[in-house]
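Coordinate inspection notes
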Amino acid sequence: MENAKYEKISNIVDKRNKNRVIIESIQEIRYNSKSKIQYMLSIGLGVILGFAMANTKETVGLMININEKSLNITLAFIGIILGSYSLFQALLNKDIVLLLIEEKNDLLIDSNKTFMNLAVLYISGILFDFILGIVLNMIPSYFLILDNLVLSNILAGIGISFYLWYHIMLFLENINFVLNLYRMFGVYNTLKALEALDDKD
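Predicted model, so just to flag it, every value in this text is computed and none were measured.

The subject of this paragraph is the nonpolar core. Membership of the largest hydrophobic core comes to 23 residues, with the highest contact counts inside it found for Ile81, Ile96, Leu118, Tyr122, Tyr166, Leu170 and Phe177. Contributions of two or more residues to this core are made by α4 (59–91), α6 (107–138) and α7 (149–200). The element that contributes the greatest number of residues to this core is α7, accounting for 10 residues. Residues within four places of Leu118 in sequence aside, it is in contact with Ile81, Leu170, Glu173, Asn174 and Phe177.

Written as structure tokens, this is what we have:
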């Protein structure tokens, strides 16, 4: 039992190298049975909106607008994630850490990894949006990928759909992070309630 606790404590320190962190960050949004609805929703919205945007005369202008909004939302989300995580870390004390270590589901370790993986995905999204924004502002509004309008619209639709899918997936992935934080706050509130009862006695 004690060995298991010491192993959990050892696992709290993230020993992954940079490449491993990047690979596992990508795996954070991989398809599995738990993310089925998340994938269906993001792919469905991405394809519908992507091809609708590709079949308008203002595709470039719309993409510039969407890109700016996505960048602002991504920056806001990473700020919220960093702020929420910092707040929880400030609330951690010896008793709470002990309770989290004794739990069977490795909540503390999972939350730490989810935080790091999400942060890497958001930083990647910010970098991509920044570069895409520069490229889009250099493209004329009448730009076509190919001389054939239909093929150009199809290629644009695929590209925009993938872009929207990634961002919608990323935004929905916050649900898992918030859920882990909620569970950890539950542990914190439980401990405080027990302390209050002890003080009352």
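Continuing now.
Taken together, Phe143, Ile145, Leu146, Val150, Leu151, Ile154, Leu155 and Ile158 make up a surface patch of nonpolar side chains, about 700 Å² in accessible area. With respect to the helices, strands and loops of the structure, Phe143 is situated in the loop between α6 and α7. Residue Phe143 is classed as partly exposed on the basis of its relative accessible area, which comes to 43%.

This part takes up the packing of aromatic side chains. Counting across every chain of the model gives 6 aromatic pairs. For the ring pair Phe128 and Tyr163, a centre distance of 6.1 Å and an interplane angle of 40° mean the geometry is tilted. Here Tyr163 lies in helix α7 and Phe128 lies in helix α6, a separation of 35 residues in the sequence.

Bringing the side chain of Thr74 into the picture now. Position of Thr74 relative to the elements: it lies in helix α4. Beyond its immediate sequence surroundings of up to four residues, Thr74 is in contact with Tyr122, Ile126, Asp129, His167 and Phe171.

What follows covers the environment of Leu170. In this structure, Leu170 sits in helix α7. A residue is classified by how much of its surface remains accessible, and Leu170, at 1% relative accessible area, is buried. On a C-alpha basis, the gap between Leu170 and Gln38 in space is 9.9 Å, while along the polypeptide they are 132 residues apart.

A few words on the environment of Phe162. With respect to the helices and strands, Phe162 occurs in helix α7. In this structure the C-alpha to C-alpha distance between Phe162 and Val47, which are 115 residues apart in sequence, comes to 7.8 Å.

This part takes up helix α3 (residues 36–54). With 19 residues, α3 extends 26 Å between its outermost C-alpha atoms, agreeing within 8% with the 27 Å of an ideal straight helix rising 1.5 Å per residue. Those residues of α3 that fall on the buried side of the exposure criterion are Gln38, Tyr39, Ser42, Gly46, Gly50, Met53 and Ala54. When α3 is viewed along its axis, its buried side chains cluster within an angular range of 95° and face the same direction. α3 presents Ile37, Met40 and Ile48 as exposed residues on the side facing more than 90 degrees away from its buried surface.

Before going further, it helps to examine the environment of Tyr122. Examined against the element boundaries, Tyr122 turns out to sit in helix α6. Spatially, the C-alpha atom of Tyr122 lies 6.5 Å from that of Thr74, the residues being 48 residues apart in sequence. Not counting chain neighbours up to four residues away, the residues in contact with Tyr122 comprise Thr74, Phe77, Ile78, Ile81, Leu170, Phe171 and Asn174. A distance of 3.3 Å separates a polar side-chain atom of Tyr122 from the backbone oxygen of Leu170.

This part is about the confidence of the model for the protein chain. Residues at a pLDDT of 70 or more form 85% of the protein chain, whose mean pLDDT is 80. Confidence, expressed as mean pLDDT per element, reaches its minimum in the protein chain at helix α1 (residues 2–12) with 52 and its maximum at α3 with 92.

So, about the side chain of Glu173. Residue placement: Glu173 occurs in helix α7. One buried charged residue, Glu173, remains without a salt bridge, the closest side chain of opposite sign being Arg30 at 8.4 Å. Here Glu173 is in contact with Glu28, Ile29, Gln38 and Leu118, once residues within four sequence places are set aside.

Conventions we followed
Residues numbered from 1 in each chain as written. Predicted model: local features only at pLDDT ≥ 70, side-chain atom pairs only at ≥ 80, totals over all residues. Heavy atoms only, no water. Core = buried A, V, L, I, M, F, W, Y, C linked by side-chain atoms within 4.5 Å. Buried < 20%, exposed > 50% of the residue type's maximum accessible area, 1.4 Å probe, protein only. Helix = DSSP H or I, 4+ residues; strand = E, 2+ residues; numbered from the N terminus. Contact = heavy atoms within 4.5 Å. Patch = residues over 30% accessible without salt bridge, like charges linked within 9 Å, V, L, I, M, F, W, Y side chains within 5 Å. Areas by Shrake-Rupley, 256 points an atom, 1.4 Å probe, with all protein chains shown as cover. Salt bridge = Lys/Arg side-chain N within 4 Å of Asp/Glu carboxyl O. Phe/Tyr/Trp six-rings, centres within 6.5 Å; stacked < 30°, edge-to-face > 60°. Expected span 1.5 Å × (residues − 1). Arc of directions from axis to C-beta. Polar contact = N/O pair within 3.5 Å; in protein donor to acceptor, adjacent residues only side chain to side chain. pLDDT = per-residue confidence, 0-100. Lys, Arg positive; Asp, Glu negative; His and termini not counted.

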